[in-house]
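What follows is each chain in one-letter form.
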Amino acid sequence: MNKKYIAILFRLLVYALMLQACKIAYVPNTFNSPLLRNKGDAQFNVWGGSSGLEAQAAAAVTDNIGLMVNGQFQQDKKVENDIEVTEKWKLVEGAIGYTERFSDMGIFEIYAGGGVGQVPAKFRNITWDGPPDITFNRWFIQPALGFCNDWLDFSVVNRLSLVDISPQKNWFYEPGIVGKIGYKRIRLVGCFGFSFPLRGHDKRYWDSQLVTISLGLHVNFGKRILED
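Because the structure is predicted, anything quoted here is derived from the model rather than measured.

Participant: Would you mind showing me how to read the overall build of the protein here?
Facilitator: Of regular secondary structure, the protein possesses one helix and 13 strands. Reading the secondary structure of the protein in the N-to-C direction produces α-β-β-β-β-β-β-β-β-β-β-β-β-β. A total of 228 residues make up the protein; the buried ones form 43% of that total. Looking at the protein alone, contacts between residues at least 24 apart form 59% of all its contacts between residues at least 6 apart. Taken as a whole, the protein presents about 11,800 Å² of accessible surface, with 65% of it coming from carbon and sulfur.

This is the structure we're talking about:
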């Protein structure tokens, strides 16, 4: 790999770790890009990484209509003013999507949905004397273009998210890639993505995590037809 690209990737990873040390409210979850083939196709993913611990499920109710459910949990313990503080990030969401196969190995999918979660309530520039955690909502639309065969699933994902963490809503553009490698029903999975806020830094009340990096395990337990 070109040394220039290695240096760029290293800087991004360092920047992501620096952001983790800041007061982060919104931590984007790992992309769920199921690339469902046909009616009865179903799968389950578990992840660990910069977004915490996650579980994802998806199933095709027809050859073209799919459902997904995502869950996310992250916890951080720190000491502030000689007091141990536990901060938690949680999210549960669901979505419905449309899938279209345009070749034996090519799939287009688009999902739309939303969910509810919990984040630490201490934001920058905000004086807060309420509970340590508050509820937030997120809505998203997520198109993806994918390639699949017996050994590999690969998706290029673009997600647009509206995150409502009181007292402000922010839009985020979140591109990324998802890869699943293994044989048929059990695969290793990896995800790399970004989350770009569409509101200027000086106009935001709370911060967000820029980079998502996760690794996990994929299990397919439904009826899958790889070729027409």
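Participant: Honestly, the nonpolar core in this entry has me stumped. Any pointers?
Facilitator: Buried together is how nonpolar side chains tend to be arranged in soluble globular proteins. Of all hydrophobic cores here, the largest spans 15 residues; its most connected members are V163, I165 and W206. Mapped onto this core, the elements with two or more residues apiece are β1 (24-26), β5 (83-101), β7 (133-148) and β8 (152-165). Among the elements that take part in this core, β1 stands out by supplying three residues, more than any other. Not counting residues up to four positions away in its chain, the partners in contact with V163 are Y26, F136, N137, R138, Q168, K169, N170, F172 and W206.

Participant: Help me understand unusual backbone geometry in this model?
Facilitator: Keep in mind that most residues, glycine aside, have a negative phi and that most peptide bonds are trans. A cis amide bond links S166 with the next residue in sequence, P167, at an omega value of 10°. Its location among the elements puts P167 in the loop between β8 and β9 (168-183). Residues other than glycine seldom take positive phi values, yet L35 does so here, at roughly 50°.

Participant: Teacher, can you tell me more about the side chain of S214 here?
Facilitator: Note on placement: S214 falls in strand β13 (residues 211-220). A polar contact of 2.8 Å, which involves the side chain of S214, links it to the side chain of T30. Filtering out sequence-adjacent residues up to four positions away, S214 remains in contact with T30, W47, G48, G49, S50, E54, V189, G190 and C191.

Participant: When you look at the pairing of β9 in this model, what are you seeing that I'm missing?
Facilitator: Put simply, side chains in a regular strand alternate between the two faces of the sheet. Both β8 and β9 contribute to a ladder of 14 bridges, which runs antiparallel. Note on β9: the bridge partner recorded for S161 is F172. In this antiparallel pair of consecutive strands, β8 and β9, the connection spans two residues. Summarising the sheet, β9 and strand β11 (residues 196-197) pair through two bridges and their orientation is antiparallel. Bridge pairing in β11 places F172 opposite P197. Taken together, the eight bridges between β9 and strand β10 (residues 186-194) define a ladder with antiparallel strand orientation.

Participant: Is there a simple way to explain the pairing of strand β6 (residues 106-120) in this structure?
Facilitator: Bridge count for β5 against β6 is twelve bridges, and the pairing is antiparallel. Within β6, the residue paired with G94 across the bridge is G114. The hairpin turn running from β5 into β6, its antiparallel successor, is four residues long. Taken together, the 15 bridges between β6 and β7 define a ladder with antiparallel strand orientation. Directly across from I110, in β7, lies its bridge partner P143.

Participant: Please clarify how the environment of E174 should be interpreted in this entry.
Facilitator: Note that E174 resides in strand β9. C-alpha of E174 to C-alpha of T212: the two residues are 38 residues apart in sequence and 9.7 Å apart in space. The contacts of E174, once residues within four sequence positions are left out, are Y26, P28, F31, R138, V157, N158, R159, S161, F194 and S195. A polar contact of 2.6 Å, which involves the side chain of E174, links it to the side chain of R159. Engagement of the side chain of E174 in a polar contact is seen with the side chain of S195, the distance being 2.8 Å.

Participant: Explanation requested: the side chain of Q168 in the structure shown.
Facilitator: Mapped onto the fold, Q168 is located in strand β9. Here the side chain of Q168 touches N170 through a polar contact of 3.4 Å, side chain to side chain.

Rules of the game
Residues numbered from 1 in each chain as written. Predicted model: local features only at pLDDT ≥ 70, side-chain atom pairs only at ≥ 80, totals over all residues. Heavy atoms only, no water. Helix = DSSP H or I, 4+ residues; strand = E, 2+ residues; numbered from the N terminus. Buried < 20%, exposed > 50% of the residue type's maximum accessible area, 1.4 Å probe, protein only. Contact = heavy atoms within 4.5 Å. Areas by Shrake-Rupley, 256 points an atom, 1.4 Å probe, with all protein chains shown as cover. Core = buried A, V, L, I, M, F, W, Y, C linked by side-chain atoms within 4.5 Å. Polar contact = N/O pair within 3.5 Å; in protein donor to acceptor, adjacent residues only side chain to side chain. Pairing = 2+ DSSP bridges.

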